[in-house]
Amino acid sequence: MAKKESIKRRSPLSISAMRPIHPLLAGLPKENLSFDRSNTSNINEIIVRDSDGKILSKEEVAEMLEGSARSLNRKWIQDNSRATGLFVYDIAIDLRRLFSISLDLFEPEVTPELITELKENGWKECKNDFGDCLTAPKEIREKVIPNLASSLINWRITSNQSRTFSLMETLAVVISNNANKLPAAIRTKLSDETGEQKAKLIVEKVDDADLFITLPAAGYFITESESADALENAENKLKELLTSFDYENQLK
């Protein structure tokens, strides 16, 4: 039996872990938590059975729990860790691969059948830095780019537990074709003027990078350039850069 050919494609997006901007500006405190279900006891009826499967009465349940720290309504969690402070993450978009699929036979990203199907759907044969490829038609790119830009700017970590809810407000976004400009625009600076080492957050405009600062940012560092539509402007800038790239003539 012939070995099945491995089909894989490297993602055009690289997303870093969310990390503290500086160890002195973030922490991992511990706290005691509880899942309090007291107000739902009349809705979610609790049934307790003994070893024989017999349902215990409320009096029998109360007697069983007497003298213990257990509760059927509250779940106690000790020393739960919670991350606090200022965090940053990076996203790199490989525009050469974003809407192009390699036709390299030695590292196949698609099956021959799918290549035929894509060509029938308007994908064009082109060349990029990796060799021959198929590039998505303009109508597909125009449909994907707005959704991609919105997702990258507006994503959040969510939870269904009210005790862990956080707005996770975005303070600033930097967009550049030069990766070295990102840590230059959002950085920290150490100071020990008072004899105690402290870290100061610095967010400022640098050449060849677009900086967008939201209104909540003014509560964390000194700025005069915050705006209510910062994230919308960042999203539009990202869409502009993604749209202006010449995907079909990359080697010009």
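Along each chain, residues carry numbers from 1 onward, in the same order as the chain's sequence is written. Local features in a predicted model are, by the rule used here, given only for residues with pLDDT of at least 70; side-chain atom pairs are given and counted only at 80 or more, and totals for whole chains, interfaces and linings are based on all residues. Hydrogens and waters are ignored; side-chain quantities use all the structure's heavy atoms.

Draft legend 1. Local environment of empty space enclosed by the protein. Throughout, the protein atoms alone are placed on a 1 Å grid, and a set of points is a cavity if a 1.4 Å probe fits but cannot get out or a pocket if it is open with protein on both sides within 12 Å along at least five of seven lines; lining residues have an atom within 4 Å of a point. Grid points are joined across faces, edges and corners, and a volume is the space filled by probe spheres set on the points. The tally for this structure, following the rule as stated, stands at 1 cavity of 30 Å³ or more. Computed from the structure, the largest cavity encloses a volume of approximately 50 Å³. A run of DSSP states H or I qualifies as a helix once it reaches four residues; a run of E qualifies as a strand once it reaches two. Both are numbered from the N-terminal end. When contributions to the lining of the largest cavity are tallied by element, the ones reaching two or more residues are helix 2 (95–98) and strand 9 (100–102). With 3 residues, the top contributor of residues to the lining of the largest cavity is strand 9. For this classification, the nonpolar set comprises Ala, Val, Leu, Ile, Met, Phe, Trp, Tyr, Cys and Pro, the charged set comprises Asp, Glu, Lys and Arg, and every other residue, Gly included, is treated as polar. Split by residue class, the lining of the largest cavity holds 3 nonpolar, 3 polar and 4 charged.

Draft legend 2. Inspection of the pattern of salt bridges at higher detail. Any Lys or Arg side-chain nitrogen found within 4 Å of a carboxyl oxygen on Asp or Glu counts as a salt bridge. By the definition in use, this model includes 14 salt bridges. With a shortest N-O distance of 2.8 Å, Arg19 and Asp90 are connected by a salt bridge. In this pair, Arg19 is assigned in strand 2 (residues 19–20) and Asp90 in the loop between strand 7 (87–88) and strand 8 (91–93), connecting sequence segments 71 residues apart. Residue Arg19 is classed as partly exposed on the basis of its relative accessible area, which comes to 35%. Put simply, Arg96 and Asp94 hold a salt bridge, and the shortest N to O gap is 3.0 Å. The exposure class of Asp94 is buried, given its relative accessible area of 17%. Accessibility here uses a 1.4 Å probe with only protein chains present; expressed as a share of the type maximum, an area under 20% marks a residue as buried, one over 50% as exposed, and anything in between as partly exposed.

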